[in-house]
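Descriptive analysis of the structure
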Amino acid sequence: MDEELKQEVQDLKSSISLLSNEINHQFTRLNDNFSSNINQLSEQIYKLAETQALTNKSIDNITVNTYKENFPKAQKQSKIPDEYYIDYSYITDANYSSWLDNLKKYSKDMAECRDKNQITPFCQSARNTLESAIEVLFDEEYKCINENNKAFLEAYNRVKSSYDKRKNADWDLPQICVNLPTSAIKSENLKKVDSIYVDRKNIEKIRKQSLPASVQIFFEIIKPNYMETQHLKETFLTIMNMNKLRNLKTHGSKSDLDSQLNQLGHYAKQLYDSSENFETIQKVISWFVREIYKRVCKISNN
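These notes cover the structure that comes with them.

1. Quick look at the pattern of salt bridges
On inspection of all chains with the given rule, the structure shows 14 salt bridges. For the salt bridge of Lys160 with Asp164, the shortest nitrogen-to-oxygen distance reads 3.5 Å. With Lys160 and Asp164 both in helix α4 (residues 151-164) and four residues apart, this pair spans about one turn of that helix. Relative accessible area serves as the criterion here: at 14%, Lys160 is assigned to the buried category. For Glu279, the salt bridge identified is with Lys283, shortest N-O distance 3.2 Å. Separated by four residues within a single helix, Glu279 and Lys283 lie in helix α10 (residues 277-300), roughly one turn from each other. Taken together, the salt bridges that share partners define one network made up of Glu135, Glu204 and Arg207.

Here is the structure:
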């Protein structure tokens, strides 16, 4: 009996030992599989992280390159100070929308030239501004000339008188007032005022051929004998000297430039040498356009 019990105990121990070994084996295998899976998972996570890093770097490079390509242009456009532009926001009459478009273009040209310290093209753009304003003025004045509004004719006559007194003049101011028999009038370019006819074509000839004469007529409209008024005289002379500076050839030697300035006269040279030349000219142009707008609005509403 004891022997049988001992044998059973021994068999049980053997079974327990085998079972224990099997359990250890299975545990070891599971642990190896788990470790292998963990390593594979870690490797996949590392590769994903590496891919993400490369993707982010590519995106950053694209962003930086795009920024480098586009930012300088934007910076160049935005660096021009606002005060270099002339404010025309007061021109609200829709009848002058095309004129306003031209004024904005010339203002932009002037601002860019001022920013680059280019006085010659700056003065040319300033002249373009004056010419566009005078064209609007002369058109409106011709439309509105009548027996009760002779300001343009009176201003013209004063300027004409001063031109006729000049000696050795190389250009005569065209005659815009003509006397013709009624039967001879067949042109839409002639307008009867009292006993005379106003010739539109000759008004256009003055505008196209002589900026100084056109500017003088305007000044005489707003203030007869304007040269007797100091600030108007100074403004007029600034315009005349600005008009001279636009013809300068600034790419030669300094001696050549000095020679040109001496030929233009003392006041033109003084304007060129002034540290405030751009600002002075811009203020005059701004004033000129504003005054013309006030004038055309006044006569067109009467």
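Text resumes after the structure shown.
2. Focus on the packing of aromatic side chains
This model, assessed by the stated rule, comprises 14 aromatic pairs. Ring centres of Tyr96 and Tyr293 lie 6.0 Å apart, and the angle between their planes is 80°; this geometry places the pair in the edge-to-face category. In this pair, Tyr96 is assigned in the loop between α1 (2-78) and α2 (97-115) and Tyr293 in helix α10, connecting sequence segments 197 residues apart. By the burial criterion, Tyr96 is buried, and Tyr293 matches it. With a centroid separation of 4.9 Å and 80° between ring planes, the pair formed by Phe122 and Phe278 is classed as edge-to-face. Of this pair, Phe122 sits in helix α3 (residues 119-144) while Phe278 is found in helix α10, placing the two residues 156 residues apart along the sequence. Residues Phe122 and Phe278 agree in their burial class; the two are buried. Grouped by ring-pair contacts, the aromatic residues Phe218, Phe219, Tyr226, Phe236, Trp287 and Phe288 constitute a single cluster. For Lys191, the ring lying beneath its charged end belongs to Tyr142, and the centroid distance is 5.7 Å. Here Arg290 stacks its cationic end above the ring of Tyr90, 3.9 Å away from the centre of that ring.

Thresholds applied
- Residues numbered from 1 in each chain as written.
- Predicted model: local features only at pLDDT ≥ 70, side-chain atom pairs only at ≥ 80, totals over all residues.
- Heavy atoms only, no water.
- Salt bridge = Lys/Arg side-chain N within 4 Å of Asp/Glu carboxyl O.
- Helix = DSSP H or I, 4+ residues; strand = E, 2+ residues; numbered from the N terminus.
- Buried < 20%, exposed > 50% of the residue type's maximum accessible area, 1.4 Å probe, protein only.
- Phe/Tyr/Trp six-rings, centres within 6.5 Å; stacked < 30°, edge-to-face > 60°.
- Lys NZ or Arg CZ within 6 Å of the ring centre and 35° of its normal.

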